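Secondary and tertiary structure notes
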Amino acid sequence: MSERSFDVVVIGAGPAGEVCAGRLADAGLEVVIVEQHLVGGECSFYGCMPSKALLRPGQVLAEARRIPGAAQAVDHGLDVPAALERRDEVIHNLHDDEQLPWLDARGIALVRGHGRIAGERTVQVGDETLSARRAVVIATGTDPLVPPIPGLREARPWTNREAVTAKEVPPSLVVLGGGTVGVEMADAFASFGSRVTVIEAGPRVLAREEPFAGDEVCAAFAEAGIDVRAGTSATAVSRADGRVTVELDDGSSVSGDEILVAVGRRILSADLGVEELGVEPGRPIEVDDTLRVPGHDWLYVIGDANGRALLTHMGKYQGRITADRILGRDVALRSDRGLSPRVTFTDPQVAAVGHTLASAQEAGIDARAVDVPTGGNAGGSFVGLGAPGTARIVVDEGRRVIVGATFTGPEVAEALHAATIAVIGEVSLDDLWHAVPCFPTRSELWLKLLEAYGL
């Protein structure tokens, strides 16, 4: 048994934990970070980074085929082995050696193993006890959720981890779930030549976004040969002779060489020792707007573990807020929960921030939606010819500010931050009217939106 003391102990070296630890160490605090798997976490190795590496080749090729002049130069399909090799480079072949110099440069200690709360300001990792002079930060993230469908576990399903690290492309793939992970992986594997079927229990894919977003993605999927079965659920799964068969509640069935489960995430709080603090294990850990656990002023929870916004960038944001609180700065969350910016990297992309029209109305806001075509301006005439795309702002009529925005179309993700600034900064429409977009850029869609509103 050994014991060491630090200013702050961070459990979990994913993006949220790394950002928090780095900010604290840069301010001169002595920090240790505890990680039982890979430094860098789910996003770096099994989520955001590899999935975008898989999606990018097909989308670049699709865009080239939409542009006269470039289209004539495209003679062949994707080089799938080269795309998978690039994916392996992005995830460093599932080694975190290149992550460690970042910790070393900041003097952050790393303890490999599973951390558990063992008392106030105390974390146990195997035979080692880590005590915190100031705070403990939980940043343990989530695992894929596998629902209790008869036969599903026995069928050896893929989760996001197996999908984004696959060494070969299956001839056919069944995807359970039409959320972001499900539709992104459907898009990626279809671009590599798989016959893909998406099964979504709800009435449409991307159910939390504006209805037109899911409709446009489904229309593009249909053109790409992806079969989307919305409004139906899997009732049983079996694997025989190398094939997976999924029975559906409408009496039909679908089959494929592999099945990917993408129906949600499981909070990793069941084995953290939090029950000793009166916190229910296995569920999101409640925090206030300073990311502190009520009744325990030394304990913070950031990222997926608190269940507020299961997005990498929001976990990093929470890590910055928490570090500042520990350093004595009077800050709290302003961007949170369903108001977070988010992107689905399909073709067309779906980029959104803040409210949809429906969620604004449900929140009691006197809301009005204004739509224009994403490509309906001079700059748009050079991008995604013939591709679908809609831009929407949701306006709080009483305050004349934007409370939500959604963009669909090719390469719209980079357009989102301007909308995020408008929403979080509560910039008035009258002030936005004087923010002049350059000609000829697609940013002129902001001018078109404000004109459509009536300015």
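Since the structure is predicted, the reported quantities are computational estimates derived from the model, not experimental observations. (Residues numbered from 1 in each chain as written. Predicted model: local features only at pLDDT ≥ 70, side-chain atom pairs only at ≥ 80, totals over all residues. Heavy atoms only, no water.)

1. Observations regarding the pattern of salt bridges
Keep this limit in mind: The salt bridge criterion pairs a side-chain nitrogen of Lys or Arg with a carboxyl oxygen of Asp or Glu, the two atoms within 4 Å. Helix and strand definitions here come from DSSP, where helices need a minimum of 4 consecutive H or I residues and strands a minimum of 2 consecutive E residues; each element is numbered from the N-terminal end. Only protein chains enter the calculation, and the probe is 1.4 Å; a residue is then buried if its accessible area is under 20% of its type maximum, exposed if over 50%, and partly exposed in between.
Taken as a whole, this structure holds 34 salt bridges when the rule is applied. With a closest N to O distance of 3.1 Å, Asp 257 and Arg 243 form a salt bridge. Taken together, the positions of Asp 257 in the loop between β13 (253-256) and β14 (258-261) and Arg 243 in strand β12 (residues 243-248) put the pair 14 residues apart, joining distant regions of the chain. Among the residues examined, Arg 243 registers a relative accessible area of 29% and is labelled partly exposed. Residues participating in the shared-partner salt-bridge network are Asp 7, Glu 30 and Arg 133.

2. Some remarks on the pairing of strand β2 (residues 31-35)
Heads up, the condition is: A strand pair is defined by DSSP finding two or more bridges across the two strands.
Counted residue by residue, β2 has five buried out of five residues, so it is predominantly covered. By the alternation rule, side chains of β2 split into Val 31, Ile 33 and Glu 35 and Val 32 and Val 34, which are all buried. In terms of strand pairing, strand β1 (residues 2-11) meets β2 through four bridges, oriented parallel. Across the sheet, the residue bridging to Val 9 is Val 32, located in β2.

3. Some remarks on the pairing of β13
Burial of the side chains of β13 is restricted to one face: Val 254 and Gly 256 are buried, whereas none of Ser 253 and Ser 255 on the reverse face is. Bridge count between β12 and β13: four bridges; the pairing is antiparallel. For Thr 245, the partnering residue across the bridge sits in β13 and is Ser 255. Once β12 ends, the chain turns through four residues before running back antiparallel as β13, passing Gly 251 with a positive phi of about 90 degrees.

4. A word on the environment of Cys 20
To be explicit about the condition: Here, two residues are considered to be in contact whenever any of their heavy atoms come within 4.5 Å of each other.
Within the fold, Cys 20 resides in helix α1 (residues 15-26). On the accessibility criterion, Cys 20 (0% relative accessible area) is buried. Considered as a pair, Cys 20 and Ile 321 are 301 residues apart in the sequence and their alpha carbons are 8.2 Å apart. Sequence-distant contacts of Cys 20, defined by excluding residues within four places in its chain, comprise Val 137, Ile 302, Gly 319, Thr 322 and Ala 323.

5. A few points about the sheet that holds strand β20 (residues 367-373)
So the rule is basically this: Each axis is a line fitted through C-alpha atoms, and for a helix only the stretch in contact is used; angles between axes span 0 to 180 degrees, taken between their N-to-C directions.
Spatially, β18-β19-β22-β21-β20 is the arrangement adopted by the five strands of the open sheet, whose pairing is antiparallel. Single-partner strands in this sheet number two, and they are β18 (342-344) and β20. When the angles between neighbouring strand axes are averaged without regard to direction, this sheet yields 15 degrees. In this sheet, strand β21 (residues 390-396) lies alongside β20 in antiparallel orientation, the contact comprising seven bridges. By the bridge assignment, Val 372 is partnered in β21 with Ala 391. Its contacts with the sheet place helix α13 (residues 445-453) against β20, β21 and β22 (401-409), and it is angled at close to 130 degrees to β20.

6. Focus: helix α9 (residues 312-326)
Put simply, the rule is: Expected helix span is given by 1.5 Å per residue-to-residue step, counting one fewer step than there are residues.
The terminal C-alpha atoms of α9, which comprises 15 residues, lie 21 Å apart, in line with the 21 Å expected from a rise of 1.5 Å per residue. The buried fraction of α9 amounts to 11 of the 15 residues, a majority that puts the element mostly inside the structure. When we look at burial in α9, the residues that qualify are Met 314, Gly 315, Tyr 317, Gln 318, Gly 319, Ile 321, Thr 322, Ala 323, Asp 324, Arg 325 and Ile 326. Residues of α9 that are buried sit in contact with β1, α1, β6 (128-138), β16 (292-293) and β17 (296-301). Downstream of α9 by one or two residues, Gly 328 has phi in the positive range, about 90 degrees.

7. As for the sheet that holds β14
Strand order in this open sheet of four strands is β10-β9-β8-β14, and the pairing throughout is parallel. If you trace the sheet from one side to the other, it starts and ends with β10 (227-230) and β14, each paired once. Direction aside, the axes of adjacent strands within the sheet are offset by 15 degrees on average. The pairing of strand β9 (residues 195-200) with β10 spans four bridges and is parallel. Across the sheet, the residue bridging to Glu 200 is Ala 230, located in β10. Here helix α7 (residues 180-191) sits on the sheet and contacts β8 (172-176), β9 and β14; the angle it forms with β9, its principal contact strand, is near 170 degrees.

8. Comments concerning the packing of aromatic side chains
Each aromatic ring pair is described using two quantities: the centre-to-centre distance and the angle formed by the ring planes. We apply this condition: When two rings of Phe, Tyr or Trp (its six-membered ring) have centres within 6.5 Å they constitute a pair, described as stacked for plane angles under 30 degrees, edge-to-face for angles over 60, and tilted for the intermediate range. The rule for a charge over a ring is simple: NZ of Lys or CZ of Arg within 6 Å of the ring centre, and within 35 degrees of the ring normal.
Taken as a whole and judged by the stated rule, the model has three aromatic pairs. Between Trp 158 and Phe 189, the ring centres sit 5.7 Å apart and the planes meet at 50 degrees, which makes this aromatic pair tilted. Residue Trp 158 is located in the loop between β7 (142-144) and α6 (160-164), and its partner Phe 189 is located in helix α7; the two are separated by 31 residues in the primary sequence. Note on accessibility: Trp 158 and Phe 189 belong to one class, buried. Aromatic side chains Phe 189 and Phe 192 sit 6.4 Å apart centroid to centroid with 85 degrees between the ring planes, which places their arrangement in the edge-to-face category. The exposure class of Phe 189 is buried, given its relative accessible area of 2%. Taken together, Trp 158, Phe 189 and Phe 192 form an aromatic cluster joined through their ring pairs. Just above the ring of Tyr 46 sits the side chain of Arg 161; from NZ or CZ to the centre is 4.2 Å.

9. Here's the deal with the packing of helix α3 (residues 48-66) against helix α4 (residues 80-90)
Formally: Throughout this description, any angle smaller than 35 degrees is read as roughly parallel, any larger than 145 degrees as roughly antiparallel, any in the 65 to 115 degree range as roughly perpendicular, and the remainder as oblique. Handedness of a crossing follows from how the near helix is turned relative to the far one, being left-handed for an anticlockwise turn of less than a right angle and right-handed for a clockwise one. The classification used treats Ala, Val, Leu, Ile, Met, Phe, Trp, Tyr, Cys and Pro as nonpolar, Asp, Glu, Lys and Arg as charged, and all other residues, Gly among them, as polar.
Interhelical geometry of α3 versus α4 gives an angle of 155 degrees and a closest axis separation of 9 Å. In terms of their interaxial angle, α3 and α4 are classed as roughly antiparallel. Once α3 is placed against α4, the crossing between them reads as right-handed. Every residue of α4 that contacts α3 at Met 49, Pro 50, Ala 53, Leu 54 and Pro 57 is listed here: Ala 83, Leu 84, Arg 87 and Val 90. Its residues placed into classes, the contact of α3 with α4 shows eight nonpolar, no polar and one charged.

10. Side note on the nonpolar core
What counts here: By nonpolar core is meant a set of buried Ala, Val, Leu, Ile, Met, Phe, Trp, Tyr and Cys residues that side-chain atoms within 4.5 Å join together.
Counting residues in each nonpolar core, the largest one holds 52 residues, and the members touching the most others are Ile 117, Leu 130, Val 136 and Ile 138. With six residues, β6 is the single largest residue contributor to this core. Discounting residues that sit within four places of it in the chain, Ile 138 has contacts with Ile 11, Ile 117, Leu 272, Val 274, Ile 285, Leu 299, Tyr 300, Val 301, Ile 302 and Ala 305. Ranked by size, the runner-up nonpolar core spans 34 residues in total, among them Tyr 46, Val 183, Ala 190 and Val 350.

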